[in-house]
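# Summary of structural features
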Amino acid sequence: MSLTDEGHYGPKQLNLLEVVWGEGFLSPGGTDEIDEIVKNTNLEDKSILDIGCGCGGAAFHLIKKHRAKSVQGIDPEPLVIKTAQQLAKKNNLADKATFKCVEPGPLQYNQETFDVIFSKEVFLHIPDKEALLKDVHRVLKPGGLIIVSDWMRIDDNPPSKQMQDYIAAEGLDMLMCSLKKYKELLELTNFNNIEIRDRNEWYLQKAKKELKEIEGQLYQKVVDVLGIEETIGAIEIWKKLIGVLEIGEHRPGHFKAKKI
Ligand SMILES: C[S@@+](CC[C@H](N)C(=O)[O-])C[C@H]1O[C@@H](n2cnc3c(N)ncnc32)[C@H](O)[C@@H]1O
């Protein structure tokens, strides 16, 4: 099972997520949440790599509001990248926000290329977090920052039955680790000034609001995108999501750290 019968990141899924999460976003919170993730960080004139950039919503905001010099977005999904490129043109940002379709795996950049590596709700899809953080460290300039939001779990024990049921319903690879595990891995891979932040309570309230909107003011728009049957399925998935947020096992979180 997955959110739509086309699987993930097909046209229906992109349209659904645009209705619920806003243009350019494949994860919750819109520009307000991007501001939270980069809070207290000066991004002016920084060159940023956005790993798993989706349709570019974060990239545009980092340039427009936070005055980043450039954002290079990479993602393995061709339709996602095509949409990001179209939105970059629409927003007159195609010179600063560039997007590339890549194979999942090691980053294809020289060492010390970027000032900042940004990523939102992507690392959960990448199995080897230690290899990923080592690679991020390699492509960061000295003193560079990694700034990440991710969907995490309360601990690193096997997921509960309820969590397994939710993950199966999403139909995605969700290889979530704990915020504590990220902290250990950041230390191991030579990052310092590590800051971590749990966002479970924020997303629990937000997901409840999203469900209310999907069942209320957004219902017709969602049905127009998905049809009735898949809308019922999407509502069931949102309920399962709220369930695992409520028991505290699903814990979105942020972390930020500096390359030594
Ligand atoms: C939940 S979406 C988030 C997209 C975007 N960061 C946002 O917040 O709107 C996850 C994204 O990760 C991408 N992705 C999946 N596996 C990946 C990998 N191994 N490397 C980079 N991106 C990946 C997906 O194609 C998708 O666009």
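Note: the structure precedes this text.
A brief structural summary.

The next point concerns the overall build of the protein. In terms of regular secondary structure, the protein is built from 10 helices and seven strands. A globule of 260 residues ought to have a C-alpha radius of gyration of about 18 Å, and the protein, at 18 Å, matches this closely. The buried share of the protein, taken over its 260 residues, is 54%. Of all intrachain contacts in the protein linking residues separated by at least 6 positions in sequence, the fraction that spans at least 24 positions is 79%. Here the protein has roughly 12000 Å² of accessible surface; of this, 50% comes from carbon and sulfur atoms.

Turning our eyes to something else, we now look at the site of the ligand. The ligand sits among 16 residues. The nearest are Leu26, Ser27, Gly52, Asp75 and Lys120. For the ligand, whose accessible area on its own is 600 Å², the fraction buried by protein is 90%. In terms of residue class, the shell around the ligand is built from eight nonpolar, four polar and four charged.

Of the strand pairs in this sheet, strand 2 (residues 70-75) and strand 3 (residues 97-101) are connected by five bridges, and their pairing is parallel. Directly across from valine 71, in strand 3, lies its bridge partner alanine 97. Regarding the hand of the β-α-β motif, the stretch spanning strand 2, helix 4 (residues 78-90) and strand 3 is right-handed.

Attention now moves to the side chain of lysine 256. For lysine 256, the location among the structural elements is in strand 7 (residues 250-259). Nearest to the buried, unbridged lysine 256 among oppositely charged side chains is glutamate 195, at 4.3 Å.

Rules used in this analysis
- Residues numbered from 1 in each chain as written.
- Predicted model: local features only at pLDDT ≥ 70, side-chain atom pairs only at ≥ 80, totals over all residues.
- Heavy atoms only, no water.
- Helix = DSSP H or I, 4+ residues; strand = E, 2+ residues; numbered from the N terminus.
- Rg over C-alpha atoms; globule rule 2.2 N^0.38 Å.
- Buried < 20%, exposed > 50% of the residue type's maximum accessible area, 1.4 Å probe, protein only.
- Contact = heavy atoms within 4.5 Å.
- Areas by Shrake-Rupley, 256 points an atom, 1.4 Å probe, with all protein chains shown as cover.
- Near = heavy atom within 4 Å.
- Nonpolar A, V, L, I, M, F, W, Y, C, P; charged D, E, K, R; others polar.
- Pairing = 2+ DSSP bridges.
- Right-handed = clockwise from strand over helix to strand, strands pointing away.
- Lys, Arg positive; Asp, Glu negative; His and termini not counted.
- Salt bridge = Lys/Arg side-chain N within 4 Å of Asp/Glu carboxyl O.

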